[in-house]
Number of protein chains: 2
Amino acid sequence: MEMSSKLLERAVAEISQLPGIGKRTALRLALHLLKQPEEQTQELATALRKMREEIQFCRQCHNISDIEVCGICSNNLRDKSIICVVEDVRDVMAIENTGLFRGIYHVLGGKISPIDGVGPSQLNITTLVEKVRSGGVKELIFALSSTMEGDTTNFYIYRQIKDYNVITSAIARGISVGDELEFADEVTLGRSILHRVPFENSLKGL
Amino acid sequence: MEMSSKLLERAVAEISQLPGIGKRTALRLALHLLKQPEEQTQELATALRKMREEIQFCRQCHNISDIEVCGICSNNLRDKSIICVVEDVRDVMAIENTGLFRGIYHVLGGKISPIDGVGPSQLNITTLVEKVRSGGVKELIFALSSTMEGDTTNFYIYRQIKDYNVITSAIARGISVGDELEFADEVTLGRSILHRVPFENSLKGL
């Protein structure tokens, strides 16, 4: 698109590099910023720059953090012997929001996916295996996506730690709370029958 | 959403102030930037800041410009006696992309819309009337949205300039090129019959 301003053109080009944002949306966002007070753009630019420059990843669990060891890992009330293995930072937030997990996390940074060119070496798997090897870990909870890539990653890690004295578990897969059976897919429904739990246990967390 | 990093939280809060971008999308964009090389964020932040600080609006037509008078107004090959009245900068780009208009523009900056609290005084109408009053304008082409607000704005301007010696026209409204009649709405179809043009003329621009 031909634009009458190189400044606008450059801003649009930069914004449209973000995932899911095309040229048209980028132009709409840029023109919106031009209509707002100058401070809004200043603050947006500063927040982005500061975030990218100063943010750290927790030395222990690879979660995003402002300090060297994140608030969860340095919290003495959390049970360090239970580690929940997740794909990325958003999963930590999602589980933290439930308020039902008192252990710590290990963020892999993705899952094994040959199609996307992601192999085990690009993920934070070595540090996880090292944690298990050095003792003190009682249970490893696999909380990865319920996809083939997630299952592959789970199994890859499982093979490396199965000889150590550690319990491994996976989050329950079944019918979502609030869902009606008739709309559930048959694989999920079938599994939810196979992996049924004692009725008293099923009341936990409600 | 509880986040483990205040820096991330602030960036997400700023991004989600953009129109059409919620907290979740903002988080996805922020995490994307964290995965990309630091330069990308730097360049995005710089482009936004420079655009907001340095961009100007053309003194004559109110189009976005890097200089005091935009490239269209300062181009001697453009016919200054034909002014196309548009709502905003995007409309200028859209018409320029057709390559079929050789006059100049006048950007109103919106349309009269009492519901959104936009009255004539917030728009660049005075400068347009002044241009017509000072002479040298042969034709004013109204190219506003085909909505009630667009029509109201057209009529408001028309009343102010109708006593001057200037031709006023409105862009043609009818069936889009490539559209099939059976899917056209009846108001458009009806108008396109009322405002039919001589067949030889209908071949122009094809």
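Quick caveat, the model's predicted, so the values are computed rather than measured.

> I would appreciate a short explanation of the pattern of salt bridges in the present structure.
Any two side chains of opposite charge can pair if their charged atoms end up close together. Scanning all chains against the criterion turns up 16 salt bridges over all chains. Of the charged contacts, one joins Arg59 of chain A and Glu68 of chain A as a salt bridge, the two residues approaching to 3.4 Å between their closest N and O atoms.

> Quick question: what am I supposed to make of helix α5 (residues 126–133) of chain A here?
Think of an α-helix as turning once every 3.6 residues; residues three or four places apart then point the same way. All names here are of chain A. Within α5, burial applies to Leu128, Val129, Lys131 and Val132. The arc that holds every buried residue of α5, seen down its axis, measures 155°, which confines them to one face. The positive-phi residue at the C-terminal boundary of α5 is Gly135, with phi of around 85°.

> Which parts of the structure should I look at to understand the interface of chain B and chain A?
Interfaces are often described in size by the accessible area the parts lose on coming together. Facing the 51 residues of chain B at the interface are 51 residues of chain A. Of the roughly 5,500 Å² buried between chain B and chain A on both sides combined, carbon and sulfur atoms contribute 65%. The three residues of chain B that bury the most area against chain A are Leu7, Leu34 and Arg52 of chain B, which together make up 13% of that side's buried surface. Mapped by element, the contributors of at least two residues to the side of chain B that touches chain A are α1 (6–15), α2 (23–35), α3 (38–54), β2 (64–65) and α4 (89–98) of chain B. Looking at side-chain class alone, the side of chain B that touches chain A contains 25 nonpolar, 12 polar and 14 charged residues.

> Which parts of the structure should I look at to understand a negative patch on the surface?
On the surface, Glu38, Glu39 and Glu43 of chain A together with Glu53 of chain B cluster together to form a negatively charged patch. For the negative patch, the leading source of residues is helix α3 (residues 38–54) of chain A, giving three residues. Here Glu39 of chain A lies in helix α3.

> I'm lost on the packing of helix α4 (residues 89–98) of chain A against α2 of chain B in this one. Help?
Helices that pack against each other are described as a pair by the angle of their axes relative to one another and the distance between those axes. Packing of α4 of chain A against α2 of chain B leaves a shortest axis separation of 11 Å and a crossing angle of 140°. By the angle class used here, α4 of chain A and α2 of chain B are oblique. Of α2 of chain B, the residues touching α4 of chain A (which contributes Val89, Arg90 and Met93 of chain A) are Leu27, Arg28 and Leu31 of chain B.

> How do you make sense of the nonpolar core when you look at a structure like this?
Taken as a class, soluble globular proteins show a tendency for nonpolar side chains to be buried jointly. Leu8 and Ile15 of chain A together with Leu8 and Ile15 of chain B are the most contacted members of the largest nonpolar core, which totals 46 residues. Mapped onto this core, the elements with two or more residues apiece are α1 (6–15), α2 (23–35), α3 and α4 of chain A together with α1, α2, α3 and α4 of chain B. Beyond its immediate stretch of four places on either side in the chain, Leu8 of chain B contacts Met51, Ile55, Ile64 and Met93 of chain A together with Met3, Leu27, Ala30, Leu31 and Leu34 of chain B. Membership of the second largest hydrophobic core comes to 32 residues, among which are Val69, Ile72, Ile95 and Phe101 of chain A.

> When you look at the environment of Gly71 of chain B in this model, what are you seeing that I'm missing?
Assignment of secondary structure puts Gly71 of chain B in the loop between β2 and β3 (79–86). Note: C-alpha distance between Gly71 of chain B and Cys84 of chain B (13 residues apart in sequence) is 15 Å.

> In this structure, what is going on with the UniProt feature "domain: Toprim" (unreviewed entry) in chain A? I would like to understand it.
The UniProt record marks residues 81–176 of chain A with the feature "domain: Toprim" (unreviewed entry), using the residue numbering of this structure. Secondary structure content for residues 81–176 of chain A is 33% helix and 20% strand, and the end C-alpha separation is 28 Å.

> Is there a simple way to explain the domain arrangement of chain A in this structure?
By the assigned domains, chain A splits into domain 1 (6–54) and domain 2 (78–171). Distance from the C-alpha centre of domain 1 of chain A to the C-alpha centre of domain 2 of chain A: 35 Å.

> Hey, could you run me through the confidence of the model for chain A in this one?
Regions with low pLDDT carry predicted coordinates that are not meant to be interpreted in detail. For chain A, per-residue confidence averages 90 on the pLDDT scale, and 98% of positions sit at 70 or higher. Mean pLDDT across the secondary structure elements of chain A bottoms out at helix α8 (residues 199–202) of chain A, with 78, and peaks at strand β4 (residues 103–107) of chain A, with 95.

> What should I look at first to understand the relation of the copies chain B and chain A in this one?
For these two chain copies, the linking operation is a rotation about an axis paired with a shift along it. Of the transformation superimposing chain B on chain A, the axial component is 0.0 Å and the angular component is 180°, with the fit at an RMSD of 0.0 Å. Given the turn and translation reported, the copies of this chain are related as if by a two-fold rotation axis. Among all residues of chain B, the one whose C-alpha sits closest to the rotation axis is Ala45 of chain B, at a distance of 2.2 Å. Residue by residue, 100% of the interface of chain B is reproduced at the interface of chain A, so both copies engage with the same surface.

> Quick question: what am I supposed to make of the pairing of strand β5 (residues 139–142) of chain B here?
Note on strand geometry: in a regular strand, side chains alternate between the two faces of the sheet. Residues and elements named next belong to chain B. Here four bridges tie β3 to β5, and the two strands are oriented parallel to one another. Its bridge partner being in β5, Val85 is matched across the sheet by Phe142. Bridge analysis of β5 against strand β6 (residues 167–170) gives four bridges, and the strand direction is parallel. Across the sheet, residue Glu139 finds its bridge partner in β6, namely Ile167.

> Just to check I follow, could you spell out α2 of chain A for this structure?
The end-to-end C-alpha separation of α2 of chain A is 19 Å, in line with the 18 Å expected for 13 residues at 1.5 Å each. Within α2 of chain A the residues assigned to the buried category are Ala26, Leu27, Leu29, Ala30, Leu31, Leu33 and Leu34 of chain A. Those residues of α2 of chain A that are buried lie in contact with α1 and α3 of chain A together with α3, β2 and α4 of chain B.

> I keep staring at the side chain of Glu14 of chain B and nothing clicks. Help me out?
For Glu14 of chain B, the location among the structural elements is in helix α1. Comment: no salt bridge for buried Glu14 of chain B; closest opposite-charge side chain is Arg10 of chain B, at 4.7 Å. Other than its neighbours up to four places away in sequence, Glu14 of chain B contacts Gln40, Glu43, Leu44 and Ala47 of chain A.

> I keep staring at the sheet that holds β3 of chain B and nothing clicks. Help me out?
Sheet strands associate in pairs through backbone hydrogen bonding, adopting either a parallel or an antiparallel arrangement. All names here are of chain B. With respect to topology, four strands assemble into an open sheet ordered β4-β3-β5-β6, the strand pairing being parallel. Edge positions in the open sheet fall to β4 (103–107) and β6, since each of these has one partner strand only. Taken over all neighbouring pairs, the strand axes of this sheet differ in orientation by 25° on average, direction set aside. In the sheet, β3 pairs with β4 via five bridges, with the strands oriented parallel. Across the sheet, residue Ile83 finds its bridge partner in β4, namely Ile104. Lying on the sheet, helix α5 (residues 126–133) is in contact with β3, β4 and β5; it crosses β4 at an angle near 145°.

Definitions and limits used
- Residues numbered from 1 in each chain as written.
- Chains lettered and ligands numbered in written order.
- Predicted model: local features only at pLDDT ≥ 70, side-chain atom pairs only at ≥ 80, totals over all residues.
- Heavy atoms only, no water.
- Salt bridge = Lys/Arg side-chain N within 4 Å of Asp/Glu carboxyl O.
- Buried < 20%, exposed > 50% of the residue type's maximum accessible area, 1.4 Å probe, protein only.
- Helix = DSSP H or I, 4+ residues; strand = E, 2+ residues; numbered from the N terminus.
- Arc of directions from axis to C-beta.
- Contact = heavy atoms within 4.5 Å.
- Buried area = accessible area lost by both parts, 1.4 Å probe.
- Nonpolar A, V, L, I, M, F, W, Y, C, P; charged D, E, K, R; others polar.
- Patch = residues over 30% accessible without salt bridge, like charges linked within 9 Å, V, L, I, M, F, W, Y side chains within 5 Å.
- Areas by Shrake-Rupley, 256 points an atom, 1.4 Å probe, with all protein chains shown as cover.
- Lys, Arg positive; Asp, Glu negative; His and termini not counted.
- Charge placed at Lys NZ, Arg CZ, Asp CG, Glu CD.
- Axes fitted to C-alpha atoms, helices over the stretch in contact; angles between N-to-C directions.
- Parallel < 35°, antiparallel > 145°, perpendicular 65-115°, else oblique.
- Core = buried A, V, L, I, M, F, W, Y, C linked by side-chain atoms within 4.5 Å.
- UniProt positions renumbered as here; feature names shortened; annotations may be inferred.
- Domains from an automatic or database assignment.
- pLDDT = per-residue confidence, 0-100.
- Least-squares fit on C-alpha atoms with pLDDT ≥ 70 in both.
- Pairing = 2+ DSSP bridges.
- Expected span 1.5 Å × (residues − 1).

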